[in-house]
Amino acid sequence: MPQKTIKTTTCGKLYLAGEYAILTPNQVAIIKDIPIYMTAQVSPSKDFQLSSDMFDYSVDLSDDDHYALIQESVKTMASYLKLQNKTLAPFSLQITGKMEKDGKKIGIGSSGSVTVLTLKALSLFYQLKLSKEELFKLAVYTLLKRGDNGSMGDIACIVYETLIYYRSFDRHRVKNWLLEMTLQELLEKDWGFTIKPVKTNLSFTFLVGWTKQPSISSQMIKKVQASISSSFLSTSKKEVDDLYVALETGHKEKTKKSLSTLGQLLEDLHPSIYSPQLRALKNATYQLDAVAKSSGAGGGDCGIALVFDDRSRLEIIKRWEQENISLLYQEKVRGLHDK
Ligand code: PMV
Ligand code: MG
């Protein structure tokens, strides 16, 4: 039986490009890790105990609506342990780090991150060596069972903990496989996704502006889904691929062009994506050496900016403040060959 207490974390994430398109199989997106973390601690215990600072009570393994995602992740781990001829020894799991500010969600996490966190923590507790791909598949398996309607790009980024290029797989096909195959077979099967780290060769400051208006992605998806056309998909794919090359080759003008085209594409996709604040967040780059767009589902939450000089950086932050958009996070990204 495992004896040691372990502690681990998962990061936040934000979409740079490819939102909504990525819901369709074989589309692509670029998603950035955000180093704001959730933490899990697992200790040996006589009985199973699950607690999260999201709720003011703890549970065991008997079904609870609030803890359903964590409990489903524990079930996935139990099935995985069975494959290794191991059993689910009792533990106490504590999750902290709500990714909130002033009681409002900040939109860099996702309901899915708790699944990755639970699986990652339990794999350490039971001393299993999960590859990143296995952790991704186990998390997706758990979320598909719960009927999640997302592209799983968030999960890919949270598992790899870096800026990634993600090509999505056919979730309906994998969902059918869940009914027909064992977990072992599922893990061995090629699902048809690509996840690769992006090696940036461009230097810029990455800014995150928070609108303080919470938005729920699953609801946004339901609203927007019917507007996704094949021309939206082909333009999005081309621009995300161009953006990937521009970042890897350190091409500033191409990076700016692709990001602003992708932002416009989202703005034209559905009126609910660019809330007045997200429009203001984007327009704050006017006549500056920078590009900005909404991030993720839109309708609130966050937007991002890539800024190429310090005067522009300070000016954008000031303009955002005037629009009641707060700077949530900033990071200096250095191109690999940059000094
Ligand atoms: O708002 P976020 O960060 O949860 O991103 C949602 C991105 C969508 O493409 C709209 C949905 C998805 O699951 O990919
Ligand atoms: Mg969001």
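Residues numbered from 1 in each chain as written. Chains lettered and ligands numbered in written order. Predicted model: local features only at pLDDT ≥ 70, side-chain atom pairs only at ≥ 80, totals over all residues. Heavy atoms only, no water.

1. Describing the overall build of the protein
Then comes step 1: Within the protein, the secondary structure is distributed over 11 helices and 13 strands.
Then comes step 2: In terms of overall size, the protein behaves like a compact globule, its C-alpha atoms giving a radius of gyration of 20 Å where 339 residues would be expected to give roughly 20 Å.
Then comes step 3: Its C-alpha atoms put the protein at 60 × 45 × 40 Å along the principal axes.
Then comes step 4: A separation of at least 24 residues holds for 75% of the contacts in the protein among residues at least 6 apart in sequence.
Then comes step 5: If you sum the accessible surface of the protein, you get close to 15,200 Å²; carbon and sulfur atoms cover 49% of it.
Then comes step 6: On the protein, the mean spot of the 44 positive side-chain charges and the mean spot of the 38 negative ones are 3 Å from each other. (Helix = DSSP H or I, 4+ residues; strand = E, 2+ residues; numbered from the N terminus. Rg over C-alpha atoms; globule rule 2.2 N^0.38 Å. Contact = heavy atoms within 4.5 Å. Areas by Shrake-Rupley, 256 points an atom, 1.4 Å probe, with all protein chains shown as cover. Lys, Arg positive; Asp, Glu negative; His and termini not counted. Charge placed at Lys NZ, Arg CZ, Asp CG, Glu CD.)

2. With respect to the site of ligand 1
Then comes step 1: K13, Y15, E19, Y20, I22, L23, G150, S151, S217, I221, G296 and A297 make up every residue found near ligand 1.
Then comes step 2: Y15 is positioned such that a nitrogen or oxygen atom in its side chain is 3.1 Å from an oxygen atom of ligand 1.
Then comes step 3: In this structure, an oxygen atom belonging to ligand 1 sits 2.7 Å away from a side-chain N or O atom of S217.
Then comes step 4: Look at ligand 1: alone it shows 380 Å² of surface, and the protein chains cover 93% of it.
Then comes step 5: Breaking the shell around ligand 1 down by element, the ones donating at least two residues are β1 (6-17) and α7 (217-224).
Then comes step 6: Classifying every residue of the shell around ligand 1 by side-chain character gives 6 nonpolar, 4 polar and 2 charged. (Near = heavy atom within 4 Å. Polar contact = N/O pair within 3.5 Å; in protein donor to acceptor, adjacent residues only side chain to side chain. Nonpolar A, V, L, I, M, F, W, Y, C, P; charged D, E, K, R; others polar.)

3. Structural notes on the pattern of salt bridges
Then comes step 1: In this structure the tally under the stated criterion is 17 salt bridges.
Then comes step 2: Where E331 meets K32, a salt bridge forms, and the shortest distance between an N and an O atom there is 3.1 Å. Of this pair, E331 sits in strand β13 (residues 326-333) while K32 sits in strand β2 (residues 28-44), and the two are 299 residues apart along the sequence.
Then comes step 3: A relative accessible area of 22% means that E331 is categorised as partly exposed.
Then comes step 4: You can call K32 buried: its relative accessible area is 6%. (Salt bridge = Lys/Arg side-chain N within 4 Å of Asp/Glu carboxyl O. Buried < 20%, exposed > 50% of the residue type's maximum accessible area, 1.4 Å probe, protein only.)

4. Description of the UniProt feature "domain: GHMP kinase N-terminal" (unreviewed entry) in the protein
Then comes step 1: Under the local residue numbering, the UniProt record ascribes the feature "domain: GHMP kinase N-terminal" (unreviewed entry) to residues 77-160.
Then comes step 2: This span, residues 77-160, is 50% helix and 12% strand, and a straight line between its end C-alpha atoms measures 19 Å. (UniProt positions renumbered as here; feature names shortened; annotations may be inferred.)

5. Here's the deal with the sheet that holds strand β11 (residues 290-294)
Then comes step 1: Sheet architecture is open: 4 strands sit in the order β11-β12-β10-β13, paired in antiparallel fashion. Strands with a single pairing partner mark the edges of an open sheet, and in this sheet they are β11 and β13. When strand polarity is set aside, the average angle formed by the axes of neighbouring strands in this sheet is 15°.
Then comes step 2: With 7 bridges connecting them, strand β10 (residues 204-210) and β13 associate as antiparallel partners. Within the sheet, the bridge partner assigned to F204 lies in β13 and is V333. (Pairing = 2+ DSSP bridges. Axes fitted to C-alpha atoms, helices over the stretch in contact; angles between N-to-C directions.)

6. Digging into the pairing of strand β12 (residues 302-307)
Then comes step 1: In terms of burial, β12 is a largely internal element, 6 of the 6 residues being buried.
Then comes step 2: A two-sided burial pattern is seen for β12, the buried positions comprising C302, I304 and L306 on one face and G303, A305 and V307 on the other.
Then comes step 3: The pairing of β10 with β12 spans 6 bridges and is classified as antiparallel. Considered in β12, the bridge of V208 is made with I304.
Then comes step 4: In terms of strand pairing, β11 meets β12 through 5 bridges, oriented antiparallel. Pairing of A290 across the sheet is with V307, part of β12.

7. Concerning the side chain of S43
Then comes step 1: Tracing the sequence through the fold places S43 in strand β2.
Then comes step 2: Of the polar contacts made by the side chain of S43, one reaches the side chain of T5; its length is 3.3 Å.
Then comes step 3: If sequence neighbours within four positions are ignored, S43 has contacts with T5, F91, S92 and F125.

8. Details of the environment of A139
Then comes step 1: Following the sequence through the fold, A139 ends up in helix α3 (residues 132-145).
Then comes step 2: Residue A139 is classed as buried on the basis of its relative accessible area, which comes to 0%.
Then comes step 3: Sequence separation of A139 and T115 is 24 residues, and the distance between their C-alpha atoms is 5.8 Å.
Then comes step 4: Beyond its immediate sequence surroundings of up to four residues, A139 is in contact with T115, V116, L119 and I155.

9. Quick look at the packing of helix α1 (residues 68-83) against helix α2 (residues 113-125)
Then comes step 1: In the contact formed by α1 and α2, the axes pass within 9 Å of each other and the chain directions differ by 40°. Judged by the inter-axis angle, α1 sits oblique to α2. Relative to α2, α1 is oriented so that their crossing is right-handed. Taken together, the residues of α2 that come into contact with α1 (itself represented by L69, I70, S73, V74, T76 and M77) are V114, T115, T118, L119, L122 and S123. (Parallel < 35°, antiparallel > 145°, perpendicular 65-115°, else oblique. Left-handed = near helix turned anticlockwise from the far one by under 90°.)

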